[in-house]
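Here is what each chain is made of, one letter per residue.
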Amino acid sequence: VQLQAYGGGLVQAGGSLRLSCAASGRYFNNYDAAWFRQAPGKERDFVAAISWTSRNRDYADSVKGRFTISRDNTKNTVALQINNLKPEDTAVYYCAVRPKQNTDVDVQGSYTDWGQGTLVTVSS
């Protein structure tokens, strides 16, 4: 599966963005999907995940209530709606997928395909 992430940009604190990730290849609906992010000078961290059926959605504590992950298997896309942005949300955001499985969703090594990242910059 090849992934293309887009939708990042410069936004003021309190604003919103919608990130999207387009997947190419067959059987996208058999893959779990997730977003990770890497802030400047820091390691890449888990943000949110959605199961292949959309039944399960998980979020990092730092983004709960502000971020919403969704997917459209008919269009092979995964989205991340980000509201009430904070300066600490500044990071490169990566989408990733893995074949459906019942393991922890925040383990980066379990994801087999990654997008190139899209930069989100939040000004105070």
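Residues numbered from 1 in each chain as written. Predicted model: local features only at pLDDT ≥ 70, side-chain atom pairs only at ≥ 80, totals over all residues. Heavy atoms only, no water.

**Notes on unusual backbone geometry**
What is expected of a backbone is that most residues other than glycine have negative phi and most peptide bonds are trans.
Next up, step 1: Phi at Ser54 is positive, roughly 70°, even though this residue is not glycine.
Next up, step 2: Along the chain, Ser54 turns up in the loop between strand E5 (44-50) and strand E6 (57-59). (Helix = DSSP H or I, 4+ residues; strand = E, 2+ residues; numbered from the N terminus.)

**Quick word on the nonpolar core**
Next up, step 1: Grouped together as the largest cluster of nonpolar side chains are 35 residues, with contacts concentrated most on Trp35, Val47, Leu80 and Tyr93.
Next up, step 2: When residues of this core are traced back to their parent elements, those giving at least two are strand E1 (2-6), strand E3 (17-24), strand E4 (31-38), E5, strand E7 (67-72), strand E8 (77-82), strand E9 (91-99) and strand E11 (118-123).
Next up, step 3: Setting aside residues up to four positions removed in sequence, Val47 forms contacts with Trp35, Phe36, Arg37, Asp58, Tyr59, Ala60, Val63, Phe67, Leu80 and Tyr93. (Core = buried A, V, L, I, M, F, W, Y, C linked by side-chain atoms within 4.5 Å. Buried < 20%, exposed > 50% of the residue type's maximum accessible area, 1.4 Å probe, protein only. Contact = heavy atoms within 4.5 Å.)

**Some details on the pairing of E5**
Next up, step 1: The element E5 is largely enclosed, with a buried count of 5 among its 7 residues.
Next up, step 2: Pairing of E4 with E5, which is carried by 6 bridges, proceeds in the antiparallel orientation. Note on E5: the bridge partner recorded for Phe36 is Phe46.
Next up, step 3: Count of turn residues in the E4/E5 antiparallel hairpin: 5 residues, of which Gly41 carries a positive phi of about 75°.
Next up, step 4: When E5 meets E6, the two strands line up antiparallel, connected through 3 bridges. (Pairing = 2+ DSSP bridges.)

**Regarding the pattern of salt bridges**
Next up, step 1: The full count for this structure, using the stated rule, is 4 salt bridges.
Next up, step 2: A salt bridge links Arg37 to Asp89; the nearest nitrogen and oxygen atoms lie 2.9 Å apart. Linking Arg37 in strand E4 with Asp89 in the loop between E8 and E9, this pair joins segments that are 52 residues apart in sequence. Across the pair, exposure class does not vary: Arg37 and Asp89 are buried alike.
Next up, step 3: One salt bridge connects Asp61 with Lys64, and the closest N-O pair in it is separated by 3.2 Å. As far as burial versus exposure is concerned, Asp61 and Lys64 are alike and both exposed.
Next up, step 4: Through salt bridges that share partners, Arg37, Arg66 and Asp89 make up one connected network. (Salt bridge = Lys/Arg side-chain N within 4 Å of Asp/Glu carboxyl O.)

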